[in-house]
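# Topology and contacts: notes
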Amino acid sequence: MPKIFTPTNQIRLTNVAVVRMKKSGKRFEIACYKNKVLSWRSGAEKDLDEVLQTIAVFNNVSKGEVAKKEELQKAFGKDDVTEICKEILAKGELQVSEKERQGQLDSMFKEIATTVADKCVNPETKRPYPVSIIEKSMKDIHYSIKPHRNAKQQALDVIRLLRDTIPLERAKMRLKLALPAKEAKRLKERIAKLSSTVTEGEEWEGERLMLTCLIDPGHFREMDEIIRTETKGAGALEVLNLKEIKEGEEVLE
């Protein structure tokens, strides 16, 4: 009875998402679980075993042809399969059907719009916009989704772009600052120079000046650094509101 020969460099996989990279004139592919590639790229998924169906680099996933170690060494300058898989996962092109690709783009478009609506307000009314208005405004400026960047990064880009078309700004944070008396005047002037900082009130409590102010969330780390380092622990910062908004949604006429 003749033996059935199965090549040792073949692995058969099903229900797979393929990420492909061309390097040194050759094609290299990895086999991933569906819907996990974008999660890895956005940072939501950090476990490689949850992304890859198998720790292997292929010449052709659908045929089960595994790339030889010499090919990997020549193309990538290394033969560490796990590291090469990570490189392909980060820089390769996800192979999906047109229908799947459009579905992913539509989902990311919605996620970006939702993030913008959550972070921003109309500066004139302090009210947030409905997601539907942000989506319409994104379409009006013909915003193009970038699949390799996560939704949060793109939301910051969209905020900058939409400011030219609708009244829009980041919802400010309300903070309460305690400044030691001997540093109060200098620090108050320093804080006032931070872009978009608005001082709502101030009063003295013993040997400390208490300031209530609104700041752009993008300046929170800088504000925290000023209070921690320049008061040498004698000052304090308290977040009163993460987002200063008025109830109800904004409506564009």
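The text that follows walks through the structure, step by step, so that each part is easy to find.

Calculation criteria
Residues numbered from 1 in each chain as written. Predicted model: local features only at pLDDT ≥ 70, side-chain atom pairs only at ≥ 80, totals over all residues. Heavy atoms only, no water. Buried < 20%, exposed > 50% of the residue type's maximum accessible area, 1.4 Å probe, protein only. Helix = DSSP H or I, 4+ residues; strand = E, 2+ residues; numbered from the N terminus. Pairing = 2+ DSSP bridges. Arc of directions from axis to C-beta. Contact = heavy atoms within 4.5 Å. 1 Å grid on protein atoms, 1.4 Å probe; cavity = no way out; pocket = protein on both sides within 12 Å on 5 of 7 lines; lining within 4 Å. Points joined across faces, edges and corners; volume = space filled by probe spheres on them. Domains from an automatic or database assignment.

Bringing the pairing of strand β8 (residues 173–180) into the picture now. The element β8 is extensively covered by neighbouring structure, given that 7 of its 8 residues are classed as buried. Where β8 and strand β10 (residues 208–215) come together, 8 bridges link them in antiparallel fashion. Within β10, the residue paired with Arg174 across the bridge is Leu214.

Our next topic: helix α2 (residues 69–76). Along α2, the residues classified as buried are Glu71, Leu72, Ala75 and Phe76. Seen end-on, α2 carries its buried residues on one side only, within an arc spanning 100°. Exposed residues pointing more than 90 degrees away from the buried face of α2 are listed as Lys69, Glu70 and Lys74. Looking at the packing, one finds that the buried side of α2 touches β1 (17–23), β2 (26–32), β3 (58–60) and α3 (81–91). Immediately downstream of α2, the backbone of Gly77 shows phi near 75°, a positive value.

Its boundaries defined by the atoms lining it, the largest pocket holds a volume of some 340 Å³. Lys119, Lys152, Leu156, Ile159, Arg160, Arg163, Arg170, Asp216, Pro217, Gly218, Phe220 and Arg221 together form the lining of the largest pocket. For the lining of the largest pocket, the secondary structure elements donating two or more residues are α6 (151–162) and α8 (220–230). Top element by residues in the lining of the largest pocket is α6. It accounts for 4 residues. Counting only domains with at least three residues in the lining of the largest pocket, you end up with domain 2 (98–169) and domain 3 (172–241).

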